[in-house]
Amino acid sequence: MSRDSQSLQDFKGVMDKSAASGVAEKLKLMNQMAADDMARMTDSETAGFVELYGRYLNERSKKAEIKWDLIEQPSENMLQKYDTLEKPSDDQMSSLLSKLAVLKLNGGLGTSMGCKGPKSVIEVRDDTTFLDLIVQQIEQLNKSHPNANVPLLLMNSFNTDSETAKIIQKYQDTNVTITTFQQSRYPRIVKESLEPVPLTHDGCAHEDWYPPGHGDFFQSIYSSGLVDTLLAQGKEYIFVSNVDNLGATVDLNILKNVVERDVEYCMELTDKTRADIKGGTIISYDGKVSLLEVAQVPSKYIEEFKSVSKFKVFNTNNIWVSLRAIKRVMQSGEMKLDIIVNNKEVKGTKVIQLETAIGAAIGYFNNACGVNVPRSRFLPVKSTSDLMLIQSNMYTLKSGSLVMNPARQFATTPVIKLGKEFKKVAQYLERLGSIPDVLELDHLTVSGDVYFGANTTLKGTVIVVANPGNTIMIPEGSVLENKVVVGSLHVIPH
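This one's a predicted model, so the numbers in the text were calculated from it and none came from an experiment.

**Student:** Is there a simple way to think about the confidence of the model for the protein in this case?
**Tutor:** As a note on interpretation, predicted positions should not be read in detail where pLDDT is low. Residues with a pLDDT of 70 or more make up 91% of the protein, whose mean pLDDT is 89. For residues 1-15, every residue scores under 50 in pLDDT, and the model assigns this stretch seven contacts once sequence neighbours within four places are set aside. Residue range residues 200-204 is modelled with pLDDT below 50. Its contacts to residues more than four positions away, or to other chains, number seven contacts.

What follows is the structure, encoded as structure tokens:
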């Protein structure tokens, strides 16, 4: 490092220490000025933010780069193959399930798909929502194994908490105990001044706040008291996953493996495709199991990281964790998850959000490992392209779980890419007379002003591109097989 670079780093370090020393006092003052509890940070939130903020400033001036030569492929103990896991006997199933709680990360809104409220209430299949399907899954487990009593927990954000509380009332008569709690709420930071955004609190300015990522799960569930509550109920493990991953169902093979091997933390990973090249992957780093994220990779190794040949699997964010281990780690205060800096612009001001990810915690638990699971356990719905696949005849529903149609001749699912005209759910529904038959589809790309009539069938590779100013209307009952449709097409029935 040059003398000038070192001087600049030293200067930043001095400035950052100055900023860090004042932020706790400012937050204390802001809390005193808060109009109500909605505008006030809890003691746990304040402590968590100050710790994260201080670490960010410290690491900002002294960033340690990962040592690429210390990275090795995980051993078989670190990354197990799903098909090597033993199935539990019928007698074991109830006992295993009695030790389990299920948690869904329910902090996201459906705004990116043009929907209001929590994403978990978007209708995804046969007029049922994500949350409906999840409750059906847990209810089926509890009916099939009466002594199991698997509870469902929802970790909400301040964006979803009040609406979710109203929605879950409809599940009162089900055989599922549902508990909600709210994850932390942190203030955004002005990029230029490094000061928290909400200089005054009115409890209404949601743009000033953000939920600090799913790595906050550990602190939030521990400070809520739910870890002790679950342990007192005889629960030993918690299965955590994203609420929009419809493949993240309770798997007894994984649970049996976790319990019998005394695994404190188990991450599900699946085979990487070209669409997943940025996903985090499990590695052996200096002999210890760890998660490698793209943000940690030095620029000269980015292409190597994206390579499917070397880093073959990626994190699905389906995580199994020991409740006793969570309690031990949180009581020790040793968990310092890698910070993800998320740059945003709010009301014309450049801000940063400091976030953490649940996968980064793998190194803090004893006997941690990964399992290479089938792709069927990773069915996220992040866009209407994903929604079309989930709603199609590629899948059938069984007790709230999606099952691939046995008539599909390939193990892989088709790649579907819908253009911006389909981005919002209302637009998507308006442009489809019905969901096309995709059983024999390999790839679909749609761009421009395109409409599909009812009962269309898509096979092989289908590309439909409407040129600017033109409209393509695929007639009702059409069969498109290995077709490219470009320009304009409007067939008028007669």
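**Student:** Looking at this structure, how should I read the sheet that holds strand S17 (residues 349-355)?
**Tutor:** Sheets are built from strands that pair by backbone hydrogen bonding, the pairs being arranged parallel or antiparallel. In spatial order, the strands read S9-S17-S16; together these three strands make up an open sheet with antiparallel pairing. Because the sheet does not close on itself, it has two edges, and the strands there are strand S9 (189-190) and strand S16 (340-346).

**Student:** In this structure, what is going on with the UniProt feature "binding site: substrate" (unreviewed entry) in the protein? I would like to understand it.
**Tutor:** UniProt feature "binding site: substrate" (unreviewed entry): in the numbering of this structure it lies at His214. Along the chain, the position of histidine 214 falls in the loop between strand S10 (209-210) and helix H6 (217-223). Residue histidine 214 is classed as partly exposed on the basis of its relative accessible area, which comes to 26%. Discounting residues that sit within four places of it in the chain, histidine 214 has contacts with Leu105, Asn242, Asn317, Thr356, Ala357 and Ile358.

**Student:** So what exactly am I meant to see when it comes to the packing of aromatic side chains here?
**Tutor:** Working definition: an aromatic ring pair is given by the centre-to-centre distance plus the angle between the planes. All told, the structure shown has eleven aromatic pairs when counted by the stated rule. Residues phenylalanine 218 and phenylalanine 365 carry aromatic rings whose centres are separated by 5.8 Å and whose planes lie at 35° to one another, so their mutual orientation is tilted. Here phenylalanine 365 lies in the loop between S17 and strand S18 (369-373) and phenylalanine 218 lies in helix H6, a separation of 147 residues in the sequence. There is no split in this pair, since phenylalanine 218 and phenylalanine 365 are both buried. Pairing phenylalanine 314 with phenylalanine 378 gives two aromatic rings, centres 5.2 Å apart and planes at 80°, and the pair type is edge-to-face. On the criterion of sequence distance, the pair formed by phenylalanine 314 in strand S15 (residues 313-322) and phenylalanine 378 in the loop between S18 and helix H11 (384-391) is long-range, its members being 64 residues apart. Taking relative accessible area as the criterion, phenylalanine 314 reaches 4% and is therefore assigned buried. Pairwise contacts between aromatic rings join Phe49, Tyr53, Tyr186 and Tyr210 into one cluster.

Rules of the game
All residue numbers refer to positions counted from 1 along the written sequence of the respective chain. Given that the model is predicted, a residue must reach a pLDDT of at least 70 before its local features are reported, and side-chain atom pairs must reach 80 or more before they are shown or counted; all residues, however, enter totals for whole chains, interfaces and linings. Values reported for side chains reflect all heavy atoms of the structure, with hydrogen atoms and water molecules removed beforehand. Confidence scores per residue from the predictor, reported as pLDDT, run from 0 to 100. We call two residues contacting when some pair of their heavy atoms lies within 4.5 Å. Should DSSP find at least two bridges between two strands, the strands are regarded as paired. Helix and strand assignments come from DSSP, with helices taken as H or I runs of at least 4 residues and strands as E runs of at least 2, each series counted from the N terminus. UniProt positions are given in the numbering used here, feature names are shortened, and annotations may be inferred rather than shown by experiment. Residue exposure (1.4 Å probe, protein chains only): buried if accessible area is under 20% of the type maximum, exposed if over 50%, otherwise partly exposed. When two rings of Phe, Tyr or Trp (its six-membered ring) have centres within 6.5 Å they constitute a pair, described as stacked for plane angles under 30 degrees, edge-to-face for angles over 60, and tilted for the intermediate range.

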